[in-house]
Amino acid sequence: MSRIVVVGSINMDLVTQAPRFVGPGETILGERFLTMPGGKGANQAVAAARLGAEVALVGALGDDAFGQQLRAGLATEGVHLDHVARLADSASGTASITVAGGENQIIVVPGANARVTPAQVDNAHALIERANAVLVQMEIPLDTVEATVRLGHRLGVPVILNPAPAQKLPTDWLQLARYVTPNQHELAILLGADPDEDFRTLMQRAPCPVVLTRGGEGAWYREQGEPLHQSGFKVHVVDSTGAGDTFNAALAVFLHEGLGRAVRKACAAAALSVTRLGAQGGMPGPQELDAFLAQQAG
């Protein structure tokens, strides 16, 4: 069983299904509204747990109704929560999501996620030391992301940095990540590069190995030499929310099988995740993933 530590955000997703996205000043009638657990950290933790990993989450929740619901849901998924702080003077994070035509628009209000600290990462030292991989994203303070990357590197534990929401990062500690997992837009921002520059060129310029996601086209990955391509899988897209988080979780869970195999499984898991509504709604288990891959091979 893979042991995964996730350092990241926990949100309640406020999801509206609509026939199309609205323009400025416009009002339309929606089709459906739901509250669903989300946040990049929580999503990746749940996806990894469903794939059979032993998962611990480092994060923060408000001591409010959303916080109680989110904590209970994570516990039900088998995620270890000893390092998830409960903050009495902060609201839990939220994400307002509009889904239309299989695509989404998202506004995140960090709440308690803005108070995930480097000290919490240090306190999880023993967990991280015995982990097979660590996942961290950027919906938490940047100094906490840096602390995670530095501690993982010092302990010799692979850190997968998912740079979303994207911003330019310092080269000196970006070099310490085992892999960075942006999409094309995020990679350009990460490197402070021209977004129109060929992504394969940007991958070769990055100071650490890159696994780059391309939606339905699959993913490109590079450790040394030319970037390699893993094709995507054709599925009926219902909701793309959480696909990237599912990809990152699967990459971490299967990394011990080698990067190429892990990327293939990550693309398959992400494809399955978009076939149902909600960031966590379509995240597959290992049997579903294996059956899907066997069907594709056939």
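Every value quoted in this text rests on a predicted model; they were computed, and no experiment measured them.

With respect to the sheet that holds strand β6 (residues 93-100)
At step 1: Pairing within the open sheet is mixed, and its 4 strands lie in the order β3-β2-β6-β7. Of all strands in the sheet, those with a lone pairing partner are β3 (32-38) and β7 (103-109), marking the two edges. Averaged over all adjacent pairs, the angle separating strand axes in this sheet is 20°, with direction ignored.
At step 2: Bridge analysis of strand β2 (residues 11-17) against β6 gives 7 bridges, and the strand direction is parallel. Paired with Thr 16 across the strands is Thr 98, a residue of β6.
At step 3: Against the sheet, helix α2 (residues 65-76) touches β2, β3 and β6, its axis set at about 95° to β2.

Digging into the packing of aromatic side chains
At step 1: For the structure on display, the rule yields 2 aromatic pairs.
At step 2: Here Phe 199 and Trp 220 contribute two aromatic rings whose centre-to-centre distance is 5.4 Å and whose plane-to-plane angle is 70°, an arrangement assigned as edge-to-face. Separated by 21 residues along the polypeptide, Phe 199 in helix α8 (residues 199-205) and Trp 220 in strand β12 (residues 219-222) bring together distant segments of the chain. We note that Phe 199, like Trp 220, is buried.
At step 3: For the pair Phe 233 and Phe 292, a centre-to-centre distance of 5.5 Å together with 65° between the ring planes defines the contact as edge-to-face. In this pair, Phe 233 is assigned in the loop between β13 (228-230) and α9 (243-253) and Phe 292 in helix α11 (residues 286-297), connecting sequence segments 59 residues apart. Comparing Phe 233 with Phe 292 shows no difference in burial state: the two are buried.
At step 4: Of note, Arg 200 hangs over the ring of Trp 220, and the distance from its end group to the ring centre comes to 5.2 Å.

Analysis parameters
Numbering of residues starts from 1 in each chain and follows the order in which that chain's sequence is written. In view of the model being predicted, local features appear only for residues whose pLDDT reaches at least 70, and side-chain atom pairs are presented and counted only at 80 or more, with totals across whole chains, interfaces and linings using the full set of residues. As a rule here, side-chain values come from all non-hydrogen atoms in the structure, and water together with hydrogens is ignored. In short, DSSP must find at least two bridges between two strands for them to pair. Under the DSSP-based scheme used, a helix requires at least four consecutive residues in state H or I and a strand at least two consecutive residues in state E, with every element numbered from the N terminus. To obtain an axis, a line is fitted to C-alpha atoms, over the contacting stretch when the element is a helix, and the angle between two such axes runs from 0 to 180 degrees between their N-to-C directions. Here a residue-residue contact requires only that any non-hydrogen atoms of the pair lie within 4.5 Å. Paired rings are identified among Phe, Tyr and Trp, the last through its six-membered ring, by centres lying within 6.5 Å, and are further divided according to the angle between planes into stacked (under 30 degrees), edge-to-face (over 60) and tilted (the rest). Burial here depends on accessible area, computed with a 1.4 Å probe over protein chains only, as a share of the maximum for the residue type. Under 20% is buried, over 50% is exposed, and the range in between is partly exposed. We call a charge positioned over a ring when the NZ of a Lys or the CZ of an Arg lies within 6 Å of the ring centre and within 35 degrees of the ring normal.

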